[in-house]
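Observations on the model geometry
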Amino acid sequence: MRKKILAANWKMNLTQPQVLDWLKVFHDLDWHQPQQELRIYPSSIYLKELVSTGLHVGAQNVFAEQKGAFTGEIAVEQLQSIDVQSVLIGHSERRLIFKEDDALIAQKVRTCTGAGFPFILCCGEAIEQREQGQHLAHVESQLKSALEQFDPAQHSLLTIAYEPIWAIGSGMSARTDQISEMHAFIRDFLEKELGAIAHQIPILYGGSVNSQNASELFSCPSVDGALVGGASLDAQHFHQLWQALSA
Ligand code: 13P
């Protein structure tokens, strides 16, 4: 059985005192659920502090090169050296705002796999692509280029997050039939590319997941969990998602 994952992507939010407040509330709640994995992707300045809590802590970004003159960037080896456990690659905000293209994303995937470092590969279409019926082809091309040299033997490093751009931060999540269609498509693609081990790769959904819609979204059998932005910034709210995932 695939493990379920609930991942908080804090993006560029929360100050140091707010992180401490979040942790205070977090520690007062019961997160014991052996079948589920909780992950936090904070701004990099908080990584070390959060790692010390024993949580699965991941980075929001990593650079494709291993070391050197890349001011402002962080290397896989640096993340590993402070026990960060995974990283997001290909988030639509990195693709759109920071102009990360398929080639760079593929290079990041290779760097992570080369270092044995787990990653969540994000994919998803813009609203125009969906309206033109191009959403499946678009996601396929994102995955194809990112995973071009991916060795199936390293499947345990890979998690996919389907995050339609139009659903991110909009308050309007994708419908369950839209998510089911895409997740089934992604699963088929992975099976074609990687073989039967594809069934062990978790596929998450992301885009306006909140306490109102979580139960419905998590009732989709193809949804192995969620990558959550806004609703993860409040530990109490995030805990409701955790409970919805275990229901
Ligand atoms: P929201 O949950 O705020 O829509 O963000 C989703 C996301 O981009 C997670 O990576």
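Residues numbered from 1 in each chain as written. Predicted model: local features only at pLDDT ≥ 70, side-chain atom pairs only at ≥ 80, totals over all residues. Heavy atoms only, no water.

Let us now look at a nonpolar patch on the surface. Together, Leu96, Ile97 and Phe98 give the surface a local cluster of nonpolar side chains, amounting to about 320 Å² of exposed area. Among the residues examined, Phe98 registers a relative accessible area of 48% and is labelled partly exposed. (Patch = residues over 30% accessible without salt bridge, like charges linked within 9 Å, V, L, I, M, F, W, Y side chains within 5 Å. Areas by Shrake-Rupley, 256 points an atom, 1.4 Å probe, with all protein chains shown as cover. Salt bridge = Lys/Arg side-chain N within 4 Å of Asp/Glu carboxyl O. Buried < 20%, exposed > 50% of the residue type's maximum accessible area, 1.4 Å probe, protein only.)

This part is about the site of the ligand. Around the ligand there are 13 residues in total, and Lys11, Gly169, Ser208, Gly229 and Gly230 lie nearest to it. Contact distances for the ligand include 2.6 Å between an oxygen atom and a backbone N or O atom of Gly169. Between the ligand and Ser208 there is a distance of 2.7 Å, counted from an oxygen atom to a backbone nitrogen or oxygen. Against a free-state accessible area of 300 Å², the protein chains account for coverage of 95% of the ligand. (Near = heavy atom within 4 Å. Polar contact = N/O pair within 3.5 Å; in protein donor to acceptor, adjacent residues only side chain to side chain.)

What follows deals with unusual backbone geometry. At Leu14, a residue that is not glycine, the phi angle is positive and equals roughly 75°. Counting through the fold element by element, Leu14 comes out in the loop between strand S1 (4-9) and helix H1 (16-28). The phi angle at Ser208 is positive, at roughly 55°, despite the residue not being glycine. Assignment of secondary structure puts Ser208 in the loop between strand S7 (203-206) and helix H9 (214-218). (Helix = DSSP H or I, 4+ residues; strand = E, 2+ residues; numbered from the N terminus.)

Running from N to C, helix H5 (residues 102-114) and helix H7 (residues 135-146) point in directions that differ by 45°, and their axes come no closer than 8 Å. When the interaxial angle is binned, H5 and H7 end up oblique. Together, Asp102, Ile105, Ala106 and Val109 of H5 and Ser141, Ser145 and Ala146 of H7 make up the contact between the two elements. Split by residue class, the contact of H5 with H7 holds 4 nonpolar, 2 polar and 1 charged. (Axes fitted to C-alpha atoms, helices over the stretch in contact; angles between N-to-C directions. Parallel < 35°, antiparallel > 145°, perpendicular 65-115°, else oblique. Contact = heavy atoms within 4.5 Å. Nonpolar A, V, L, I, M, F, W, Y, C, P; charged D, E, K, R; others polar.)

The end-to-end C-alpha separation of H1 is 19 Å, in line with the 18 Å expected for 13 residues at 1.5 Å each. When H1 is considered as a whole, its buried residues turn out to be Val19, Trp22, Leu23 and Phe26. Summarising the axial view, the buried residues of H1 lie within an arc of 100°, below the 170-degree limit, and thus occupy one face. Turned more than 90 degrees away from the buried face of H1, the exposed residues are Pro17, Lys24 and Asp28. Contacts made by the buried residues of H1 are with strand S2 (36-41), helix H2 (47-51) and helix H10 (235-246). (Expected span 1.5 Å × (residues − 1). Arc of directions from axis to C-beta.)

Function cannot be read off these values alone, since they describe shape.
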